[in-house]
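These are the residues of each chain, in order.
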Amino acid sequence: MALQAWGGAAAPSAVKAVRDMKPSSLSIARLAARAGAAVTMAAISAQAFAGDLVGQPTDGAIDFQPGVTHLRDQAIWFHNWILLPVLFGISALVLALVLWCIIRYNARANPTPARFTHNTTVEVVWTVGPVLILLVIAIFSFRLLFDYHDMPKPDLTVKVNGYQWYWGYAYPDQKIDEYTSNILPEDQAKAAGAPYMLATTAPLVVPVGKTVHVLVAGADVIHSFSVPAFGIKIDAVPGRTNDTWFKAEKTGTFYGQCSQLCGTDHSYMPIEVKVVSQGDFDAWVASKQPKAAAPAATNSAGTNSTAPAPAPVAAATPAPAPPAKS
């Protein structure tokens, strides 16, 4: 029946009914309410941020993990004070323009539509405006990228190798050969009070307040070494060594994960970094050094020994004399 109505004599009235429809005030109210809720959540993010766990995810959190490095703090500042204002500004502008067009240029308010199609002023504004916005974003983003690549003189170097599906860590400066770091089984993680699927059997240990140069490579497929609290994320590519750096300003345990889809057990490839004091780090390095062999015990002169005396060497039997010539 509806198709017949649109195709028959009732079509003009149906078109007029659709044309005269007003925008739903309820839908606009909902849209405005959602936009207000988003702005409100962004405004209170700083307060929610204070209650987040450091070094691991927080249930119900709406912001980034708190950072413990200068790079992480700079990245959070760039997001909150450059990108978010631009995002909300553009969204509010577009929403206002859409609402204005709906109210000002509907069939009742504007029964005779204009016939022009171009406006030089408007075209210049919507071309130059986005260019200026991108220019502002570029200035701050390039500065952040330069900070990431401008590594201070490193205090130690760590080699990280990604495997399917675990990590290998080595310390060339401390002569520590590569050791493997696997996911900690669930029962052991619960017993230790550590987060399951984030805790590992052998964490990466670094000293606090020191610049750590991280060399990252992949042994089989592409992995990604990512620790959110440090603000670092870099791919581990087979046959290529990538590098990054961090300088943790706080002791503690900080977790990350492989952030590349590297296979069926990708989710079982966590990263655990323990930031400790310099003294604790030196002790840990000493524990990783190979143990020296104990010297053999020797008996001093005049000390009785229970070891049996060596057997006397038998005198050699002289060879028989050759027979005399006749």
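Treat the numbers as computed from the prediction; the structure is a model and nothing was measured. (Residues numbered from 1 in each chain as written. Predicted model: local features only at pLDDT ≥ 70, side-chain atom pairs only at ≥ 80, totals over all residues. Heavy atoms only, no water.)

A. Region of the structure containing the pairing of strand S7 (residues 232-236). By the bridge criterion, five bridges tie strand S6 (residues 223-227) to S7 in an arrangement that is antiparallel. Bridge pairing in S7 places Phe225 opposite Ile234. What sits between the antiparallel neighbours S6 and S7 is a turn of four residues, in which Gly231 has the positive phi angle 70 degrees. (Pairing = 2+ DSSP bridges. Helix = DSSP H or I, 4+ residues; strand = E, 2+ residues; numbered from the N terminus.)

B. Region of the structure containing the nonpolar core. Grouped together as the largest cluster of nonpolar side chains are 36 residues, with contacts concentrated most on Tyr171, Leu204, Phe225 and Phe230. Considering every element that reaches this core, the biggest residue donor is strand S10 (residues 270-276), with four residues. When near neighbours in sequence (up to four residues on either side) are disregarded, Leu204 contacts Val158, Tyr169, Tyr171, Tyr179, Phe225, Glu272, Val273 and Lys274. By size, the runner-up hydrophobic cluster in this structure holds five residues, among which are Leu184, Ala189, Leu198 and Ala199. (Core = buried A, V, L, I, M, F, W, Y, C linked by side-chain atoms within 4.5 Å. Buried < 20%, exposed > 50% of the residue type's maximum accessible area, 1.4 Å probe, protein only. Contact = heavy atoms within 4.5 Å.)

C. Representation of the packing of helix H5 (residues 70-104) against helix H6 (residues 120-149). Close contact between H5 and H6 brings their axes to 10 Å; oriented N to C, the two are set at 170 degrees. Between H5 and H6, the interaxial angle falls into the category roughly antiparallel. Side by side, H5 and H6 meet where Leu71, Gln74, Ala75, Trp77, Phe78, Ile82, Leu83, Val86 and Ile90 of the first sit next to Ile133, Ile137, Phe140, Ser141, Arg143, Leu144, Asp147 and Tyr148 of the second. Here the contact of H5 with H6 is built from residues that sort into 13 nonpolar, two polar and two charged. (Axes fitted to C-alpha atoms, helices over the stretch in contact; angles between N-to-C directions. Parallel < 35°, antiparallel > 145°, perpendicular 65-115°, else oblique. Nonpolar A, V, L, I, M, F, W, Y, C, P; charged D, E, K, R; others polar.)

D. Up close: the sheet that holds strand S2 (residues 166-171). The strand order across the open sheet formed by five strands is S3-S2-S1-S5-S8, and the pairing between neighbours is mixed. The sheet is open, and its two edges are formed by strand S3 (176-181) and strand S8 (242-246), each paired on a single side. Across the sheet, the mean angle separating the axes of adjacent strands is 25 degrees when strand polarity is ignored. Taken together, the four bridges between S2 and S3 define a ladder with antiparallel strand orientation. Its bridge partner lying in S3, Tyr171 is registered against Ile176.

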